[in-house]
Structure formats: structure tokens, C-alpha cells
Amino acid sequence: MVRVLVADDEPLITAGIRTVLESAGDIDVVATAGDGSAAVRAAVRHRPDVALLDITMPVLDGLGALGELRRQTPAVRAVMLTSFGTEPNVLRALRDGASGFVLKHCTPDELIRAVRAAHEGDAYLSPEVTRMVLGMVAPAAGRRHEALARLTALSPRETEIAELVAEGLSNADIGRRVHMSEPSIKTYMSRVLTKLGCANRVEVALLVRDAG
């Protein structure tokens, strides 16, 4: 079972998230919190695998809670939640160690995928968030040649998958697009990350963007 902490200052949202996650069968919500400070205390007490943190919470916001979790419970992987499609703190959250970023209007399946991905050590961003990040980071002059050179290490299939990652597609969506199973896509993604020297999907997407 994947043990999850849900932190959101809206009880109805928290209850809905719990219902969605526990419907998956392999996820157990072991604690909830209504503010960032309480979330950190709950994480220290319950040691969840994944913490879902709302960005905008009282006492201590989601970004502050993320920083404290990294210091006090580094094994806990954090997925950030937001209602806003233009959240200015996406890049900061990712730099600070967030394992995912999803919008509150995402589908139940997407929320479950985000939690599972974080638990498996992957970084998951909603497609809208991936596109947002790419739009926020303009390719720097001179990086195109380096990016193209790095991408030559990939096979044609790996290149195709990297380009689909840059479109913001999840592993499941990529599998449907190229008619392959999700486990096969995960294997290809592992190869892509290794060959490109990237830590996560966002770095792959940015590299493809730099290459044009």
C-alpha cells in the first residue's frame, strides 16, 4: 500500500481526495492536515510515502511545508496541488524537490497516477503544468546545438517518446499513442533519462524544447 498524507485547508476537497485515492485499492490515506505546519507534524508522526500539499494553506503554505518536509522527512515524496493554471511557483516547487504538480481540476485517474509515480520515484506533472513550465522557460541562445547533440544518443523510438514527454503526455497516454504497454514506456523512459543524463521528465521536456 502507498501511504499518503493529504494537506488542504478545505475539508470538502480533502474528503474528495481521500475518496478518490482510496478507491484505487493500493493507496491508503493515513493522515490529513488543514495547514502546512500541521502537515509537517503529521508527516513526522505517520511517515507517509507521499504527501499531497495544497500550495495555498494558512499558517505555513505548501512551499514552506515542502521545505520543512525535505529537512525533517526527506524520504517523503511531495506532490503539489493547486487550483490555478498559471501558478508562478511551479519552478520553485520543482527546484525545492517536489515530485509532482497537479491541478485540482485533474481527473481522478490523473491524481492516482501522480501519487503512484511519486511513490515509484518518478516526477509527474499534469500535461497543463508541463506546457506551463515550457512556456515559462525560454530556450537560451546557444543551447540548441548542445541539446541536439545530446538527443542524438537516443534511438528513433526513444526520440519519439522524448518528444511526446515534451507535449506533456503521461506514460499511459504515450503508450496509447505509440501502441505500447505502459510498462514498456516506463522502460523506454528509464533509458531516455539515463542516455540524456536527466533527473526527471521535466528536464527531458526542456531539453527537447531547447533542441527546437
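Residues numbered from 1 in each chain as written. Predicted model: local features only at pLDDT ≥ 70, side-chain atom pairs only at ≥ 80, totals over all residues. Heavy atoms only, no water.

## Section: the pairing of strand S4 (residues 77–82)
Within a regular strand, side chains alternate between the sheet's two faces.
Phase 1: Burial analysis of S4 places five of its six residues in the buried class, which makes it a mostly covered element.
Phase 2: The sheet contact formed by strand S3 (residues 50–54) and S4 spans five bridges and is parallel. Looking at S4, one finds that Asp54 is bridged to Leu81.
Phase 3: Pairing of S4 with strand S5 (residues 100–103) involves four bridges; the strand directions are parallel. Among the inter-strand pairings, Met80 is bridged to a residue of S5, identified as Phe101. (Buried < 20%, exposed > 50% of the residue type's maximum accessible area, 1.4 Å probe, protein only. Helix = DSSP H or I, 4+ residues; strand = E, 2+ residues; numbered from the N terminus. Pairing = 2+ DSSP bridges.)

## Let's talk about the nonpolar core
One broad rule of soluble globular proteins: the nonpolar side chains tend to lie buried together.
Phase 1: Membership of the largest hydrophobic core comes to 30 residues, with the highest contact counts inside it found for Leu5, Leu53, Leu66, Met80, Ala93, Phe101 and Val129.
Phase 2: Broken down by element, this core gets its largest block of residues, five residues, from helix H2 (residues 36–46).
Phase 3: If you look at the next biggest cluster of nonpolar residues, it comprises 23 residues, including Ala147, Leu169, Val178 and Ala205. (Core = buried A, V, L, I, M, F, W, Y, C linked by side-chain atoms within 4.5 Å.)

## Observations concerning H2
Phase 1: Taken together, the buried positions of H2 are occupied by Gly36, Ala38, Ala39, Val40, Ala42 and Ala43.
Phase 2: Turning to H2, the residues buried within the fold contact strand S1 (2–7), strand S2 (27–33), S3 and helix H3 (62–72).
Phase 3: The backbone nitrogen of Ser37 lies 3.0 Å from a side-chain oxygen of the residue at the head of H2, namely Asp35.
Phase 4: Phi turns positive, to about 50 degrees, at Arg47, one or two residues after H2. (Contact = heavy atoms within 4.5 Å. Polar contact = N/O pair within 3.5 Å; in protein donor to acceptor, adjacent residues only side chain to side chain.)

## Structural notes on the packing of aromatic side chains
Remark: the centre distance and the inter-plane angle together describe each pair of aromatic rings, the angle taken between the planes.
Phase 1: This structure, assessed with the given rule, holds zero aromatic pairs.
Phase 2: When the ring centre of Tyr188 is taken as reference, the NZ or CZ atom of Arg191 above it lies at 5.0 Å. (Phe/Tyr/Trp six-rings, centres within 6.5 Å; stacked < 30°, edge-to-face > 60°. Lys NZ or Arg CZ within 6 Å of the ring centre and 35° of its normal.)

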